[in-house]
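Residue strings, one per chain:
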Amino acid sequence: MNDAKIRLRYLGQTVRVLFPGHGSPQPYSLLPHALLPRRLAPRRWWHAALGPRVMVPVEGSISAYLSEVFGVRVETVLHVRPARRANRKPILEAHTESGLIAFVKIGDTPRAQELIANEAGALQRLADLPLKTIQPPTVLHHSRWRDLSVLALSPLPVTGRGRVPATLLARAVKEIAATGGTEHAWHGDLSPWNICPSADGRLLVWDWERYEIGVPYGFDALHHLFQRALRRMDAPTAARACLAQAVGVLAPLGLSAAVARQTALFYLIALADRHAADGHEPLGPPSTWLNPLVDSQELLT
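For the structure given in this document, a descriptive report is provided here. What you see is a predicted model, and the numbers here were worked out from it, not measured in a lab.

Within the largest apolar cluster, 52 residues are counted, with the highest numbers of intra-cluster contacts made by Trp208, Leu222, Phe226, Tyr267, Leu268 and Trp289. Contact partners of tryptophan 289, with chain neighbours within four places excluded, come to Phe226, Ala235, Pro236, Ala239, Leu268, Ala272, Leu283 and Gly284. Counting 14 residues, the second largest nonpolar core, distinct from the first, contains Ala94, Ile106, Leu148 and Val150.

Another aspect to go through is the packing of aromatic side chains. Scanning all chains against the criterion turns up seven aromatic pairs. Geometrically, the ring pair formed by tryptophan 186 and phenylalanine 219 is edge-to-face, given 5.2 Å between the ring centres and 75 degrees between the ring planes. Of this pair, tryptophan 186 sits in strand S12 (residues 185–186) while phenylalanine 219 sits in helix H4 (residues 219–230), and the two are 33 residues apart along the sequence. Ring geometry for tryptophan 208 and tyrosine 211: centres 6.0 Å apart, planes at 55 degrees, overall tilted. We classify tryptophan 208 as buried; its relative accessible area is 0%. Classification of tyrosine 211 by relative accessible area gives buried; the value is 7%. Each residue in the set Trp186, Phe219, Phe226, Tyr267 and Trp289 is aromatic and connected to the rest through ring pairs, giving one cluster.

One open sheet accounts for three strands, arranged S9-S14-S13; its pairing is mixed. Each edge of the open sheet is held by one strand with a lone partner, namely strand S9 (134–135) and strand S13 (195–197). In the sheet, S13 pairs with strand S14 (residues 203–205) via three bridges, with the strands oriented antiparallel. Bridge pairing in S14 links isoleucine 195 to valine 205.

Each value, and the rule that gives it
- Residues numbered from 1 in each chain as written.
- Predicted model: local features only at pLDDT ≥ 70, side-chain atom pairs only at ≥ 80, totals over all residues.
- Heavy atoms only, no water.
- Core = buried A, V, L, I, M, F, W, Y, C linked by side-chain atoms within 4.5 Å.
- Buried < 20%, exposed > 50% of the residue type's maximum accessible area, 1.4 Å probe, protein only.
- Contact = heavy atoms within 4.5 Å.
- Phe/Tyr/Trp six-rings, centres within 6.5 Å; stacked < 30°, edge-to-face > 60°.
- Helix = DSSP H or I, 4+ residues; strand = E, 2+ residues; numbered from the N terminus.
- Pairing = 2+ DSSP bridges.

See below:
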C-alpha cells in the first residue's frame with residue numbers, strides 16, 4: 001500500500017481502490033468482514049471487531065475532490081467489486097452529514113469511461129423530455145479527475161424492491177422507446193436489478209450506460225425477459241425461452257407474432273455482438289447458446 005494506490009484482495013482477485021493522494025491518512029474499514037469484503041467505509045469505533053484499519057490518504061483524494069464539487073464535506077463508501085465484467089467499475093456512495101447525496105461512478109478503464117460518457121449523454125437527453133412513466137437519475141456532476149472520469153448521479157427514492165407489474169413495465173418500455181424521437185431507443189439493460197416501482201406509481205430506472213437509439217421496438221422487454229430467465233436456467237434454455245415467450249411479451253406493444261419472434265432473434269444476436277465487442281462472454285460462446293437457436297429457426301423458414 002502507498003500514497004499512489006491501494007490494492008485489496010477480493011475473492012482471490014486484486015482490486016484497485018482509487019484513493020490517490022497524500023497527507024494525513026484517514027482510517028477506513030472493509031465491510032462487512034475482511035473475509036468477504038463488500039464496501040470500503042469510513043472507520044467507526046464499532047468496526048474494531050471487523051478487522052484492521054485501512055489507511056486512506058485524504059488530501060488530494062476522491063473524497064476531497066467531491067467535497068469541492070458539492071461544496072460540503074463528503075465521505076465516500078466504495079462498493080468493492082472484482083473486475084469480472086467489461087463494464088465493471090468502482091461505484092462510490094457520497095455522504096454528507098445529512099445523508100446520501102450521490103452515487104458516483106468512476107471510469108478507470110477506456111471502456112468504462114466510454115460507458116459513463118454514454119450514460120451522461122443519455123440522462124442529459126432524458127432530462128429535457130416530459131417523462132411520465134419512468135424516473136431516471138439526474139446528472140449532478142460529470143468531468144475528469146486526474147486520469148479518471150467521474151459521474152455523480154442523484155439517488156432515486158427506492159423504498160422497496162417489489163415485483164414490477166407487467167403493465168408498468170410495458171408502459172416504461174414504450175416511453176423509453178419514444179425517447180429516440182423518429183427512431184426507437186432502448187435502455188440497454190432493463191434488468192430486474194436496474195428498476196424498481198416508485199411510491200407514486202412510476203418506474204425508477206438506473207444504469208443507463210447502454211442506452212442506444214436506432215434499435216428494433218421491444219428490445220427492452222426482451223432483455224428483461226431474458227435476464228429473468230437466466231436466473232433460473234442455463235443460457236441455451238433461457239435463449240429458447242426468450243424466443244418462445246416473445247409473442248406474449250411483445251403483444252402489449254402491438255407487435256405481431258411473426259415480428260415478435262424476429263425481434264427476439266435480433267435481440268439475442270445484438271446481445272452476442274455486445275459481448276463480443278466487450279471481449280467478454282458471460283453466457284459462453286454464442287455457438288453454445290445462440291447458433292443452435294438461429295439454425296433451428298432457419299430450418300423452419
